[in-house]
Amino acid sequence: MSSPHDTPSSTTPPQDSGALLLSGARLTDGRTVDVRLSGPRIEAVGTAGSLLPEPSRAAARTRIDLSGYLLLPAPAEPHAHLDLALTAGGPPSGEITEIQRRATEAALLQLGHGATAVRTHVRIGDVQGMRALEAVLQARHALRGLVDLQAVAVPRLLTGVAGADGLAMTRDALKMGAGVAGGCPDLDPDPSGYAEAVLSLAAEFGAPVDLHTAAGDPARLARLAAMAGGLRPGVTLGPCHGLSGLPPREAARTADRLAAAGVSVAALPQGGCGVLDRGGVAPVRLLRSAGVRVTAGSGALGDLTNPVGRGDPLEAAFLLATHGECDATRAYETVSAQARAVLGLPEVRVEAGFPAELLAVRGTTVAQVLSLAYSRVVIHRGRVVSRTSAVREFTGTGGGGAGDAPWEPARGLPRQANREA
């Protein structure tokens, strides 16, 4: 037996009707509302029951009952490595079809968690050439309408004689469809020269920049911030875990420089990624207090760097809140509003006129859904693109002759089964 509102129920017609009514959803301010979507945008938000369609129009709109669910702007994934995802079981195949399969599966896993946009770093050059990028771009095409995918070109070297090929390949990658110029200056013999080369290519193509760095060298980071200052459409650095190892005054000065340059930071609270060795986590509280835009990503997803990586943005937010880097609400903003800003995507609010990029999670508060975020409904461009429902049952308490009788849960939960958030 289960609660009548355990899972969202919907009425016909199917989702491709272009109209969707979300009824009885709870917002973070405590209101219970109906939300009407039309195409890719929120058309109206009203008190619960106020937007129910007239009987004559009921067949023209799909209705989903979100009673017991918290409705939030959907998160985004600012730092993934889809070309390496799901390879913990053995050496990754270099075949394009295999990389595409894994990248597609990993992107869908992240979509199921709620991320309707994913930025993935993709290695180019060396032995693999452009195969990984070609595979990720094919996955992006296959996933259109389900999740938005951004590809970051990540060359190995960009300076000296060996860097000439990397420069040419990065330029080709940006022409192919990689929308972001990236890489890792820390691994080049001339880190400042590497960063300068990436920034120059980004300016040439009008592309954003997203670089890997531990950020453990204040002087090097100061030079990078000076070069990056004012670049549009923006520069992101991550995972920047080295900042946590600096003396407090030095870390504070470095954070101030990043803020002054308008540089964003993508922390990885779930672990490392496939480019840099694992370290700690960037000092999110310090960076935010200095005025740096901070987002949080997943990094590795089931690869050798983090075999148990799950790619769940709510887990990233949970870890930030758990370790005291920010409260639950700000932690969620870090993986939603701030992540979307870093990706150059429009702001989302549960208000009329904003993009219909939404996540409904079983629960009543942000803190609760970060703790027990099981059942989720994901909406992308005004359509339900993923649903996850969890069921928890308590049986076989033993003693007192109860036998297999279900345990009586607390807090008014159903006697025999409870579908969890």
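Residues numbered from 1 in each chain as written. Predicted model: local features only at pLDDT ≥ 70, side-chain atom pairs only at ≥ 80, totals over all residues. Heavy atoms only, no water.

Visitor: Would you mind going over the overall build of the chain in detail, with residue names and values included?
Guide: Per the secondary structure count, the chain includes 11 helices and 18 strands. Counting all 421 residues of the chain, 52% fall into the buried class. Of the roughly 17,500 Å² of accessible surface on the chain, 52% is carried by carbon and sulfur atoms. (Helix = DSSP H or I, 4+ residues; strand = E, 2+ residues; numbered from the N terminus. Buried < 20%, exposed > 50% of the residue type's maximum accessible area, 1.4 Å probe, protein only. Areas by Shrake-Rupley, 256 points an atom, 1.4 Å probe, with all protein chains shown as cover.)

Visitor: Give me the lowdown on unusual backbone geometry, citing residues and values where you can.
Guide: Geometrically, the link from Gly-238 to Pro-239 is a cis peptide bond, its omega value of 0 degrees lying close to zero. Positive phi outside glycine occurs at Leu-86, with the angle close to 60 degrees. Relative to the helices and strands, Leu-86 is located in the loop between strand E6 (77-80) and helix H1 (96-113).

Visitor: Can you explain the sheet that holds strand E9 (residues 180-183)? Please cite residues and give values.
Guide: Ordered by their spatial adjacency, eight strands build an open sheet running E6-E7-E8-E9-E10-E11-E12-E13, and the pairing between neighbours is parallel. Across the chains shown, the open sheet's two edge strands, defined by having one partner strand only, are E6 and strand E13 (294-296). Between one strand axis and the next, the sheet turns through 25 degrees on average, direction left out of account. Sheet analysis places strand E12 (residues 264-267) next to E13, joined by three bridges and oriented parallel. By the bridge assignment for E13, Val-265 is matched with Val-294. (Pairing = 2+ DSSP bridges. Axes fitted to C-alpha atoms, helices over the stretch in contact; angles between N-to-C directions.)

Visitor: Quick rundown of the pattern of salt bridges? Include the residues and the values.
Guide: All chains considered together, the criterion is met by 18 salt bridges. Across the pair Arg-102 and Glu-98 runs a salt bridge whose closest N-O atoms are separated by 3.8 Å. Of this pair, Arg-102 and Glu-98 both sit in helix H1, four residues apart, which is roughly one turn of that helix. With a relative accessible area of 2%, Arg-102 lands in the buried category. Taking relative accessible area as the criterion, Glu-98 reaches 25% and is therefore assigned partly exposed. As a salt-bridge pair, Glu-250 and Arg-253 come within 3.1 Å of each other at their nearest N and O atoms. A residue pair is termed a helical-turn pair when its members lie 3 or 4 positions apart in one helix, as Glu-250 and Arg-253 do in helix H6 (residues 248-261) at three residues. What you see here is one network of salt bridges that share partners, running through Glu-98, Arg-101, Arg-102 and Glu-105. (Salt bridge = Lys/Arg side-chain N within 4 Å of Asp/Glu carboxyl O.)

Visitor: Quick one: what's the story with the pairing of strand E14 (residues 358-362), residue by residue and with numbers?
Guide: Residues in a regular strand point their side chains to alternate faces of the sheet. Among the five residues of E14, five are classified as buried, and the element is accordingly described as predominantly covered. Of the two faces of E14, the one lined by Leu-358, Ala-360 and Arg-362 and the one lined by Leu-359 and Val-361 are each fully buried. Pairing analysis gives five bridges linking strand E5 (residues 69-73) to E14, with the strands arranged antiparallel. Of the residues in E14, the one forming a bridge with Leu-72 is Leu-359. For E14 and strand E15 (residues 376-380), the ladder comprises four bridges, and the chain directions are antiparallel. Note on E15: the bridge partner recorded for Ala-360 is Val-377.

Visitor: Lay out the packing of helix H8 (residues 313-322) against helix H9 (residues 328-335) with the relevant residues and their values.
Guide: Where H8 meets H9, the closest approach of the two axes is 8 Å, and the angle between their N-to-C directions is 140 degrees. One way to sum up the angle between H8 and H9 is to call them oblique. Where H8 crosses over H9, the handedness of that crossing is right-handed. On the side of H8, the interface is formed by Pro-313, Leu-314, Ala-316, Ala-317, Leu-320 and Ala-321, while H9 contributes Ala-328, Ala-331, Tyr-332, Thr-334 and Val-335. Class assignment of the residues belonging to the contact of H8 with H9 gives a composition of 10 nonpolar, one polar and no charged. (Parallel < 35°, antiparallel > 145°, perpendicular 65-115°, else oblique. Left-handed = near helix turned anticlockwise from the far one by under 90°. Contact = heavy atoms within 4.5 Å. Nonpolar A, V, L, I, M, F, W, Y, C, P; charged D, E, K, R; others polar.)

Visitor: Describe the nonpolar core, listing the residues and the values that go with them.
Guide: Judged by nonpolar contacts, the single largest core of 83 residues is most densely connected at Leu-133, Leu-237, Leu-258 and Leu-287. Sort the elements by how many residues they give to this core and helix H4 (residues 191-205) lands first, with seven residues. The residues touching Leu-287, leaving out its near neighbours within four places in the chain, are Leu-243, Ala-255, Leu-258, Val-265, Ala-282, Val-292 and Val-294. Val-35, Val-348, Leu-358 and Val-377 belong to the second-largest nonpolar core, a separate cluster that totals 20 residues. (Core = buried A, V, L, I, M, F, W, Y, C linked by side-chain atoms within 4.5 Å.)

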